[in-house]
Amino acid sequence: AQRVTQPEKLLSVFKGAPVELKCNYSYSGSPELFWYVQYSRQRLQLLLRHISRESIKGFTADLNKGETSFHLKKPFAQEEDSAMYYCARLKAAGNKLTFGGGTRVLVKP
Amino acid sequence: EPEVTQTPSHQVTQMGQEVILRCVPISNHLYFYWYRQILGQKVEFLVSFYNNEISEKSEIFDDQFSVERPDGSNFTLKIRSTKLEDSAMYFCASSAGQINSPLHFGNGTRLTVT
């Protein structure tokens, strides 16, 4: 079964501090991994996909196949980064997305 | 940028009643999904739909649930006889279905069963 694990339910950091959200996935072939963000009362929005290797809003995520991890990082957190973050794995093209439990990030001024 | 739209944003119903949650996926997408999120819990997969049929469903998606694409634009989720534990946010999503195509989500419908 596809499993995505986010061990931290809540991360509280001060503005300007680094933040890292952990995500581990169960091994099964070539993973397609994503980070979604949900700001207060808004829809789930795609933040990053591993295939793009891009930086969005200062966030980056590196796929580590050896550790089966896809941690999300930002060197300097901003107050507007406060949100729920979900790591997700796509089973295959057109198939379902399996979400981790989510991590709430709270950035304090 | 095109978006997935869901109506209503909030639905209150009595236990035992039927509800239909509506979604308009992004127009050129081929794969459609329903997810739900009970308050304080993770986002859970309910069902995926492709080529006018269910391609996968979870254990949650029992006989009380059904999906339909009645007119080529809408994608509906029907709960035949609601239970208290059906109270949740229900998210519709669509995808182009190509390799690494992400799912695009709607704003969700908050269903409250009293």
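Calculation notes
Residues numbered from 1 in each chain as written. Chains lettered and ligands numbered in written order. Predicted model: local features only at pLDDT ≥ 70, side-chain atom pairs only at ≥ 80, totals over all residues. Heavy atoms only, no water. Contact = heavy atoms within 4.5 Å. Buried area = accessible area lost by both parts, 1.4 Å probe. Salt bridge = Lys/Arg side-chain N within 4 Å of Asp/Glu carboxyl O. Polar contact = N/O pair within 3.5 Å; in protein donor to acceptor, adjacent residues only side chain to side chain. Helix = DSSP H or I, 4+ residues; strand = E, 2+ residues; numbered from the N terminus. Nonpolar A, V, L, I, M, F, W, Y, C, P; charged D, E, K, R; others polar. 1 Å grid on protein atoms, 1.4 Å probe; cavity = no way out; pocket = protein on both sides within 12 Å on 5 of 7 lines; lining within 4 Å. Points joined across faces, edges and corners; volume = space filled by probe spheres on them. Buried < 20%, exposed > 50% of the residue type's maximum accessible area, 1.4 Å probe, protein only. Disulfide = S-S within 2.5 Å. Lys, Arg positive; Asp, Glu negative; His and termini not counted. Core = buried A, V, L, I, M, F, W, Y, C linked by side-chain atoms within 4.5 Å.

Each partner contributes residues to the interface: chain B has 21 residues there, and chain A has 22 residues. Overall, the association of chain B and chain A removes approximately 1900 Å² of surface from exposure, summing both partners, and the carbon and sulfur fraction of that is 51%. Connecting chain B to chain A are 2 salt bridges. Where chain B touches chain A, the interface holds 9 residue pairs in polar contact (both at pLDDT 80 or more). Among the secondary structure elements, those contributing two or more residues to the side of chain B that touches chain A are β4 (31–37) and β5 (43–50) of chain B. Ranked by residue count, the leading element in the side of chain B that touches chain A is β4(B), at 4 residues. Split into classes, the residues belonging to the side of chain B that touches chain A amount to 11 nonpolar, 7 polar and 3 charged.

All right, on to the layout of surface pockets then. One number sums up the size of the largest pocket: a volume of about 720 Å³. For the largest pocket, the lining is made up of 26 residues, of which A:Q38, A:M84, A:Y86, A:R104 and B:Q37 are closest to its centre. Broken down by secondary-structure element, the contributors of at least two residues to the lining of the largest pocket are β9 (83–90) and β11 (103–108) of chain A together with β9 (88–95) of chain B.

The next thing to look at is the pattern of salt bridges. Going through the model one piece at a time under the given rule, you end up with 6 salt bridges over all chains. Note that A:K74 is salt-bridged to A:D81, the shortest N-O span being 2.8 Å. The exposure class assigned to A:K74 is buried, which follows from its relative accessible area of 9%. The residue B:R36 makes a salt bridge to B:E44 at a minimum N-O spacing of 3.2 Å. Using a relative accessible area of 10% as the deciding quantity, one classes B:R36 as buried. Via salt bridges that share partners, A:E20, A:K22 and A:K73 belong to a single interconnected network.

So, on to the state of the cysteines. By definition, a disulfide is the covalent link that joins the sulfur atoms of two cysteine residues. Scanning all chains against the criterion turns up 2 disulfides over all chains. Each sulfur of the disulfide joining A:C23 and A:C87 lies 2.0 Å from the other. An S-S torsion of about -65° defines the bridge between A:C23 and A:C87 as left-handed. Taken together, the residues A:C23 in the loop between β3 (19–21) and β4 (24–25) and A:C87 in strand β9 connect sequence positions 64 residues apart. Just as A:C23 is buried, A:C87 falls in that class too. Two residues share a disulfide in this structure: B:C23 and B:C92, whose sulfurs sit 1.9 Å from each other. Looking down the S-S bond of the B:C23 and B:C92 bridge, the torsion is -65°, so its handedness is left-handed. Highlighted residues: B:C23 in strand β3 (residues 19–24) and B:C92 in strand β9, separated in sequence by 69 residues. Comparing B:C23 with B:C92 shows no difference in burial state: the two are buried.

Moving on, we come to the side chain of A:R89. All names here are of chain A. On the secondary structure map, R89 appears in strand β9. For R89, which is buried and forms no salt bridge, the nearest opposite charge comes from E32, at a distance of 8.5 Å. A polar atom in the side chain of R89 sits 2.3 Å from the backbone oxygen of S26.

In this structure, A:L21, A:W35, A:L47, A:L72 and A:Y85 are the most contacted members of the largest nonpolar core, which totals 23 residues. For A:L21, the residues in contact, after removing those within four places along its chain, are A:E8, A:L11, A:W35, A:H71, A:L72, A:Y85, A:T103 and A:V105.

None of this, on its own, says anything about what the molecule does.
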